[in-house]
Structure formats: C-alpha cells, structure tokens
Amino acid sequence: MAAKKRGTKSGNRSGGVGGSKWEDHLTRQARAENYPARSVYKLKEIQQKFHVIKKADVVLDLGCAPGSWLLYASEQTGPNGRVFGIDIQAVTIDLPKHVSAIQADILEMTDESFFDQIAGCAVVLSDMAPATTGRKDVDAFRSFELCRMALETVDRFLMEKGHFVCKIFQGNDFARFEKQVKKRFAECRVFKPESCRKQSKEIYIIAKQKRAT
Ligand SMILES: C[S@@+](CC[C@H](N)C(=O)[O-])C[C@H]1O[C@@H](n2cnc3c(N)ncnc32)[C@H](O)[C@@H]1O
C-alpha cells in the first residue's frame, strides 16, 4: 500500500505508534505506513489467511480506536463498501469518506440511527480490550464481557452467512465463548497472529458463515 499522510496522533493505551517502551519493528512499520497502531498487522494476517472482508462489504469495527483496523478494513472494502466503528475513545485520525466512527460504550449503546446503518452488515470485527489491571483473571473476565456484547451485536446486526472476528483474552471463559460462537457459525477457528506480542494472552476467534436463525 502506498503510504499516505493520514494525520495520525500519537500515544495511547491501544498500542498507538507514538513511541513507548513497547515500541518494536511493527510499531515503527505502522508509523512508516501511516497506521495509528501496530495492531493493523493482526487484522492483515487474519485477512490474508481467512479472507473475511470482501470488496463493497459493510463492516462494523467494535473497539476501533485509534483507527488502524478502520483504515485497513476500508482498503479491503474499497470505496463502494462502508466501514463503521465504535469506541469509548474518540478516533482522531482523518478517515476516508466511506468510513465513520462514533464514540460510545458498547455496553450502553442506544443510538438508533447508528443501528439503522449497521443492520445487515457483512462483517463484525471486535478488537475490543478492557483497560488491563495486571490481574489475569480480572482482565480475562472483562474481556469475556466485551466478547459477549460483541456476540450480541452479531446476533442483532450481522447478516446470514456473514463473518465475525473477535479478540478474547485466554482465561476460564474462553471455551464457553468458543462454544457459543460455534453454535452460530458454520466455521470457527482460533488464531494467534504472529504480530501479537509474545507475552500477550490475546487470541482471535475467526467465525465464518453465520447460520440462519
Ligand atoms: C486494542 S484497542 C483497538 C485497536 C484498533 N483495532 C486499531 O487497530 O486501531 C482496544 C479498544 O477497545 C476499546 N474498548 C474497550 N472497552 C470498550 C467498550 N466498552 N466499548 C467500546 N470500545 C471499548 C478501547 O477503548 C480500545 O480503543
């Protein structure tokens, strides 16, 4: 992809590329390619392996700030698609015309006009992560709560035969969540992208072909 100035702002707890003790070659690569976070390479690996996003798709990105997945997903849909994002934090980068993001808590969403726009979307992505506490059990439980909301969003808005990508922290509830996803989709895989930090407990569920309800 040709690097293009996107007016990124630096530094945040979502793995932004503003420079920190966590900086590595992917952080630098993201900065050089004008993505606001290195997490873009996780979605890129997922897309290259599982082909979840097609041209002209409508995509919903849960936990979209600072905006790397929004940008990458918008490149995959092209301008005939639409990409919608939600995050409790504001997305401050410049976005292409076919991308929009709202600042809201997934646990308290009430915006009916937003619901109208995302109804029947082809893909739901969730890279949501709770603010970590350092206590693995607490963090895993909070991650599970966000995943549960992502799955409710899938039930409500994802079209039949649509696809779902969801980050979850490995913990006690992982197997239960995987089972719930398997019930709803014809295909379900668990995948840890190479670009995840080695010490991270995060893993992705890739679910394809939502079953008819
Ligand atoms: C790892 S970051 C996402 C990075 C994003 N995929 C990117 O590439 O730019 C996780 C995001 O989940 C968001 N998040 C956490 N809890 C949330 C909630 N209840 N509702 C919406 N977003 C939430 C955080 O604010 C954070 O921006």
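Source: prediction; values computed, not measured.

Chemist: Where do I start with the packing of helix α2 (residues 40-50) against helix α3 (residues 68-77) in this structure?
Modeler: Relative orientation and spacing of two packed helices are given, respectively, by the angle between their axes and the distance between those axes. In contact at an axis separation of 8 Å, α2 and α3 are set at 35 degrees when each is read in the N-to-C sense. When the axes of α2 and α3 are compared, the crossing they make is right-handed. Contacts between α2 and α3 involve V40, K42, L43, K44 and Q47 from the first element and S68, W69, Y72, A73 and Q76 from the second. When the residues that make up the contact of α2 with α3 are grouped by side-chain class, the tally is five nonpolar, three polar and two charged.

Chemist: Would you explain the packing of aromatic side chains in this entry?
Modeler: For any pair of aromatic rings, geometry is given as the distance between the ring centres together with the angle between the planes. Taken as a whole and assessed by the stated rule, the structure comprises seven aromatic pairs. Directly above the aromatic system of F115 lies the positively charged group of R156, at a separation of 4.4 Å from the ring centroid.

Chemist: Please clarify how the UniProt feature "active site" (unreviewed entry) in the protein should be interpreted in this entry.
Modeler: As recorded in UniProt, the feature "active site" (unreviewed entry) lies at K167. The topology assignment puts K167 in strand β5 (residues 158-169). Dropping the residues within four chain positions of it, K167 is found in contact with S126, D127, M128, A129, S143, C147, E202, I203 and Y204.

Chemist: Help me understand the pattern of salt bridges, please; the structure alone is not making it clear to me.
Modeler: For side chains of opposite charge, pairing can occur when their charged atoms come near one another. Within this structure, the stated rule accounts for 14 salt bridges. Put simply, E23 and R28 hold a salt bridge, and the shortest N to O gap is 3.7 Å. The partner of D155 in a salt bridge is R184, with the nearest N and O atoms 2.8 Å apart. Here R184 lies in helix α6 (residues 174-184) and D155 lies in helix α5 (residues 136-157), a separation of 29 residues in the sequence. Judged by relative accessible area, D155 falls into the partly exposed class, the value being 39%.

Chemist: Got a minute to help me understand unusual backbone geometry in this structure?
Modeler: A negative phi angle characterises most non-glycine residues, just as the trans form characterises most peptide bonds. With an omega of 10 degrees, the peptide bond running from A65 to P66 counts as cis. Phi is positive for N34, close to 60 degrees, though the residue is something other than glycine. As for its position among the elements, N34 is in the loop between α1 (25-32) and α2. Given the relative accessible area of 10%, N34 is considered buried. Backbone geometry at K161 places phi at a positive 70 degrees, although glycine is not the residue there. Within the element layout of this structure, K161 appears in strand β5.

Chemist: Is there a simple way to think about the nonpolar core in this case?
Modeler: Looking at soluble globular proteins, one finds that nonpolar side chains tend to be buried together. Judged by nonpolar contacts, the single largest core of 33 residues is most densely connected at L60, F164, F177 and V181. Looking at which element gives the most residues to this core, the answer is α5, with eight residues. Not counting chain neighbours up to four residues away, the residues in contact with F177 comprise F144, C147, R148, L151, F164, C166, I168 and I205. In this structure, V40, F50, W69 and L125 belong to the second largest nonpolar core, which totals 28 residues.

What counts and how
Residues numbered from 1 in each chain as written. Predicted model: local features only at pLDDT ≥ 70, side-chain atom pairs only at ≥ 80, totals over all residues. Heavy atoms only, no water. Axes fitted to C-alpha atoms, helices over the stretch in contact; angles between N-to-C directions. Helix = DSSP H or I, 4+ residues; strand = E, 2+ residues; numbered from the N terminus. Left-handed = near helix turned anticlockwise from the far one by under 90°. Contact = heavy atoms within 4.5 Å. Nonpolar A, V, L, I, M, F, W, Y, C, P; charged D, E, K, R; others polar. Phe/Tyr/Trp six-rings, centres within 6.5 Å; stacked < 30°, edge-to-face > 60°. Lys NZ or Arg CZ within 6 Å of the ring centre and 35° of its normal. UniProt positions renumbered as here; feature names shortened; annotations may be inferred. Salt bridge = Lys/Arg side-chain N within 4 Å of Asp/Glu carboxyl O. Buried < 20%, exposed > 50% of the residue type's maximum accessible area, 1.4 Å probe, protein only. Core = buried A, V, L, I, M, F, W, Y, C linked by side-chain atoms within 4.5 Å.

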